[in-house]
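Overview (structure and organization)
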Amino acid sequence: MQKDRKLILIGDSAFAEVAHEYFTHDSPYEVVAFAVERAFLTRTELFGKPVVPLEELPERYAPADHSFYAALVYTQLNRLRARLYRAAKEMGYRPASYVSPRAFVWRNVELGEHCFVFENNVIQPFVKIGANVVLWSGNHIGHHSAIADHCFISSHVVVSGFCTVGAHCFFGVNATLGNNVTVGADCLLGAGATVVKDVPADTLVRGTLSDLSKPISARRFSKVPEAA
């Protein structure tokens, strides 16, 4: 595959290593560097590419000539990834996306910028997915459903038809939404959670959702700063 676009990966953790593999071997992007915030810089090289302070990026790599992907997971309900995504855009870099050719994405799906869609995802007709969303491998996103910005859907999640998922949500492996369910912003659905009725914003769901008389704050559980 011809490499005609230069890419900087923000982050140097496991997701950054995975993103490097996919972008390098399955995309038109050439990864030229990794970047982390100066306070968290612990090495100077990864996979033979320099790891540089994020604060120095514009001095080293011209924004007009490079794209970026912020390869971070769901820390603080995706707020770390969202913050660095916005920071790189403000520097003038273009957000990149990766959509696996082994994912099924119907022709009229609306997919926002800076998304990462792994293999074996099924995204059905009339689905809308916002910006800065990660769909790890093997999920089903049902017809007419919508997933807002800054979400992380892990593996083998089922989102049935006509569902709405608010911003900054995390769904653990094998979580399931029934038809016509709305999940508010800042929700965390644990592994194997089964949800068949609406979930208020800032709710932690474990197991089967049956009683929200004493909801647990997902923001507090995920250590989201009060001002974020």
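Section: the state of the cysteines
For the structure shown, the criterion picks out zero disulfides. Free cysteine: cysteine 163, not disulfide-bonded; nearest cysteine sulfur from cysteine 169 at 12 Å. Note on cysteine 169: no disulfide assigned, nearest cysteine sulfur contributed by cysteine 151 at a separation of 4.8 Å.

Points about the sheet that holds strand E5 (residues 66-70)
Taken in spatial order, the six strands of this open sheet run E3-E4-E2-E1-E5-E6, and their pairing is mixed. A single partner strand is all that each edge strand has here, and the edge strands are strand E3 (45-46) and strand E6 (94-95). Looking at chain direction, E5 and E6 are connected through two bridges and run parallel. Pairing of phenylalanine 68 across the sheet is with proline 95, part of E6. Sheet strands in contact with helix H1 (residues 14-26) are strand E1 (5-10), strand E2 (29-36), E3, strand E4 (49-53) and E5, and its direction is about 165° off that of E2. Strands E1, E5 and E6 of the sheet are contacted by helix H3 (residues 75-90), whose axis makes an angle of about 170° with E5.

Some points on the pattern of salt bridges
This model, assessed by the stated rule, comprises 10 salt bridges. Two residues, arginine 5 and aspartate 4, come together in a salt bridge whose shortest N-O distance is 3.8 Å. In this structure, glutamate 56 and arginine 60 form a salt bridge, with 2.9 Å as the shortest nitrogen-oxygen distance. Via salt bridges that share partners, Arg38, Glu56 and Arg60 belong to a single interconnected network.

Focus: the side chain of serine 100
Note that serine 100 resides in the loop between strand E7 (98-99) and strand E8 (104-105). Residue serine 100 is classed as buried on the basis of its relative accessible area of 2%. Within the local environment of serine 100, its side chain forms a polar contact with the backbone nitrogen of arginine 102, the two atoms lying 3.0 Å apart. Among residues more than four places away in sequence, those in contact with serine 100 are Val117, Phe118 and Glu119.

Comments concerning a nonpolar patch on the surface
A surface patch of nonpolar side chains, about 190 Å² in accessible area, is lined by Val99, Val105 and Leu111. Among the structural elements, valine 105 can be located in strand E8.

Cut-off values and rules
Residues numbered from 1 in each chain as written. Predicted model: local features only at pLDDT ≥ 70, side-chain atom pairs only at ≥ 80, totals over all residues. Heavy atoms only, no water. Disulfide = S-S within 2.5 Å. Pairing = 2+ DSSP bridges. Helix = DSSP H or I, 4+ residues; strand = E, 2+ residues; numbered from the N terminus. Contact = heavy atoms within 4.5 Å. Axes fitted to C-alpha atoms, helices over the stretch in contact; angles between N-to-C directions. Salt bridge = Lys/Arg side-chain N within 4 Å of Asp/Glu carboxyl O. Buried < 20%, exposed > 50% of the residue type's maximum accessible area, 1.4 Å probe, protein only. Polar contact = N/O pair within 3.5 Å; in protein donor to acceptor, adjacent residues only side chain to side chain. Patch = residues over 30% accessible without salt bridge, like charges linked within 9 Å, V, L, I, M, F, W, Y side chains within 5 Å. Areas by Shrake-Rupley, 256 points an atom, 1.4 Å probe, with all protein chains shown as cover.

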